[in-house]
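One letter stands for each residue in the lines below.
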Amino acid sequence: MIWDWLIFAAMLAGSLLLDGRVRPRPPGRLTRVGRGATGLWLHGLVMTVLFGLFLAATGSVPLGAVLALACLALFAFASNAKHAMLGEPLLFSDLALVAGMFRHPRFYFTAVARWQWVVASLAGGALAAVLWLLFVPAILPHLLGLGLALAALALLAGLLRTAPVRALALVPDMHADLTRHGLVATLLLYWLRWRGTIDPPPCDPAGQRRAAPAAPVPELIVVVQCESYADPVDLTGDPQWALPGLTAARRDAWQWGQLDVSGFGAYTMRTEYGVLFGRGEAELGFRRYDPFLTALGETSYALPARLAGSGWRSVFVHPHDMRFYDRDRIMPASGFDHLIGEDGFAPMPSDGGRYVTDRAMAARIAMLADQADGPTLIYGVTMENHGPWDSEEAAGADGARDSYLRLVRNGDAMLADLSARLAQLGRPALLVFFGDHRPSIPGVTDPGGARHTPYVMLRFDGQGRLAPGAGGRTDLSPAELHHAILDAVHGPCVHTGCVHTGTHAPEGDDIEIRFIP
């Protein structure tokens, strides 16, 4: 029995060492074991629950300890890999993507080499064999493991109701909280705060007083969320890579600037939510990390829902599986009358790319715009420039950079093409074009650097002429871009009662978050 307790203690100590290796951590230390006392308690109880469950499943104390440590090692490895690639540690919301990996394996595992699949398969087979060989048939160890897990779970539930724990992590600040409390405790705390955040009251813009919109008031709005669209000059510092379409659009734009997105290399849904729903990070609180998880409770804020009261029809175009991020449920509930997914485009040829091209997207959007017989919003989300940016011409960072630059120019050609086609329609229109996030290309882009992408707003009058703006750069958050679109249709708000929640606060700013008691 004493050996079992020693193994359990060694498991807890090893888990703290593993947790201390999770980035970000203070520089100059091999480990970061000195967490706050509450974080250590939370960590220890979660690991005890894990150990008890594995003991209940296998009946073996050493095997239960190894499996519990292996789970934590997997989380720590995934968190560090994500931090290196995207500049963020593992988040509680990332666990919701696990199911998506099985529903969309081609999307998630396109970068996994064949030899890696072989190694993973062999490792899985070896693990199954070890579990079979070390399984203990006696019933007592299994019962003890279940009892230990239940007892630790009860203690954990009680600890989470205490005042010291209820006072932790009230404001989203993932990097600081992870350093202070550790990965396990922070994942648990953030999940609880997210789960306790209530839906906002329904949006009621009926009583809002607005100034007259600036002419020309659009009858057609085309919004294009371009995958990984960033200014290559910002990425490389080399002016030779300037995009001609973006350069021309900035010159002719009603409004343009930087879009201050919160994600790097991923998290399309954050930018998409901000532009569609107009709620900034300060309002979202802990929902900011994946706002699509709770978007069904906030649909009255969505752009198509708010335009519908003025007789607008809305179409959502995305050449991918609409079940991704639950768009097949969220978009109709948000007021979109029609969804066009991957089945609305011709299949990609065997020698083509992974995704539907931006040229095909531009043609489909232009056709929808031409067929629109009333006030219409068309929101398009492209896919062609989604990574990985592998290349047959060159290996490593140079090949990935060249592949990206080729694809981003395709997106830029889409901007120029749509601008020309909307001008030919000869009706008041608004074209909004922006990038969802910067690409994550090791050796080319730095996840710790700037994150902004470009956006442009082009307004056309009834003769297809571009309406000039005030000139100069206006930087916005995605939520503020949502309200800029609304202002173009309904006019800007003229009193504080207007729903205008676009300004986003950086992590750590004081915000009010309401929790369910």
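This text goes with the structure placed above it.
Anyway, here's the lowdown on the structure attached to this text. (Residues numbered from 1 in each chain as written. Predicted model: local features only at pLDDT ≥ 70, side-chain atom pairs only at ≥ 80, totals over all residues. Heavy atoms only, no water.)

## Section: the packing of helix α17 (residues 358-371) against helix α18 (residues 396-425)
Reasoning step 1: The contact between α17 and α18 brings their axes to 9 Å, and the two run at 15°. Viewed along their axes, α17 and α18 adopt a mutual orientation that is roughly parallel. The two elements α17 and α18 cross, and the hand of that crossing is right-handed. In this structure, α17 contributes D358, M361, A362, A363, I365, A366, A369 and D370 to the contact, and α18 contributes L407, N410, G411, M414, D417, L418, R421, L422 and L425. (Axes fitted to C-alpha atoms, helices over the stretch in contact; angles between N-to-C directions. Helix = DSSP H or I, 4+ residues; strand = E, 2+ residues; numbered from the N terminus. Parallel < 35°, antiparallel > 145°, perpendicular 65-115°, else oblique. Left-handed = near helix turned anticlockwise from the far one by under 90°. Contact = heavy atoms within 4.5 Å.)

## Overview of the packing of aromatic side chains
The geometry of two aromatic rings is summed up by the distance between their centres and the angle between their planes.
Reasoning step 1: As enumerated under the stated definition, the model contains 13 aromatic pairs in all.
Reasoning step 2: On the basis of an interplanar angle of 50° and a centroid distance of 5.2 Å, the ring pair of F8 and F51 is categorised as tilted. Of the two residues, F8 sits in helix α1 (residues 2-20) while F51 sits in helix α2 (residues 37-58), which places them 43 residues apart along the sequence.
Reasoning step 3: Given the relative accessible area of 13%, F8 is considered buried.
Reasoning step 4: A centroid spacing of 4.8 Å and a plane angle of 70° characterise the contact between F324 and Y325, whose relative ring orientation is edge-to-face. Here the two residues F324 and Y325 agree in accessibility, since each one is buried.
Reasoning step 5: A network of ring pairs unites the aromatic residues F92, Y190, W194, F286 and Y289 as a single cluster.
Reasoning step 6: The ring of W254 has R459 sitting right over it, with the charged end atom 4.4 Å from the ring centre. (Phe/Tyr/Trp six-rings, centres within 6.5 Å; stacked < 30°, edge-to-face > 60°. Buried < 20%, exposed > 50% of the residue type's maximum accessible area, 1.4 Å probe, protein only. Lys NZ or Arg CZ within 6 Å of the ring centre and 35° of its normal.)

## Brief notes about unusual backbone geometry
Reasoning step 1: Residue P24 follows R23 across a cis peptide bond; omega there is 5°.
Reasoning step 2: With respect to the helices and strands, P24 occurs in the loop between α1 and α2.
Reasoning step 3: Residue P388 is reached from G387 by a cis peptide bond, and omega for that bond is 5°.
Reasoning step 4: Within the fold, P388 resides in the loop between β5 (376-381) and α18.
Reasoning step 5: Backbone geometry at A169 places phi at a positive 50°, although glycine is not the residue there.
Reasoning step 6: Classification of A169 as buried rests on a relative accessible area of 9%.
Reasoning step 7: One non-glycine residue, Y267, lies in positive phi territory at about 65°.
Reasoning step 8: Of the residues examined, Y267 reaches a relative accessible area of 7% and is grouped as buried.

## Here we look at the pattern of salt bridges
Reasoning step 1: Enumeration according to the criterion identifies 21 salt bridges in this entry.
Reasoning step 2: In this structure, D199 and R287 form a salt bridge, with 2.9 Å as the shortest nitrogen-oxygen distance. Linking D199 in the loop between α10 (183-196) and β1 (220-226) with R287 in the loop between α14 (281-284) and α15 (303-308), this pair joins segments that are 88 residues apart in sequence.
Reasoning step 3: Look at R287 and you get buried, because its relative accessible area is 5%.
Reasoning step 4: Residue D475 pairs with R473 through a salt bridge whose shortest N-O separation is 2.9 Å.
Reasoning step 5: Taking relative accessible area as the criterion, R473 reaches 47% and is therefore assigned partly exposed.
Reasoning step 6: One network of salt bridges, with partners in common, ties together K82, E88, D94, R270 and R451. (Salt bridge = Lys/Arg side-chain N within 4 Å of Asp/Glu carboxyl O.)

## Description of α18
Reasoning step 1: For α18, which comprises 30 residues, the first-to-last C-alpha distance of 44 Å matches the rise-based estimate of 44 Å (1.5 Å per residue) to within 8%.
Reasoning step 2: Remark: G426 follows α18 within two positions and exhibits a positive phi of approximately 65°. (Expected span 1.5 Å × (residues − 1).)

## Digging into the pairing of β5
Reasoning step 1: Extensive coverage of β5 is indicated by the burial of 6 of its 6 residues.
Reasoning step 2: The alternating pattern of β5 places T376, I378 and G380 and L377, Y379 and V381 on opposite faces, both of which are buried.
Reasoning step 3: Across 6 bridges, the pairing between β1 and β5 is parallel. Pairing of V222 across the sheet is with I378, part of β5. (Pairing = 2+ DSSP bridges.)

## Some thoughts on the environment of L40
Reasoning step 1: Assignment of secondary structure puts L40 in helix α2.
Reasoning step 2: Its relative accessible area of 31% is what places L40 among the partly exposed residues.
Reasoning step 3: Separated by 145 residues in the primary sequence, L40 and A185 place their C-alpha atoms 7.8 Å from one another.

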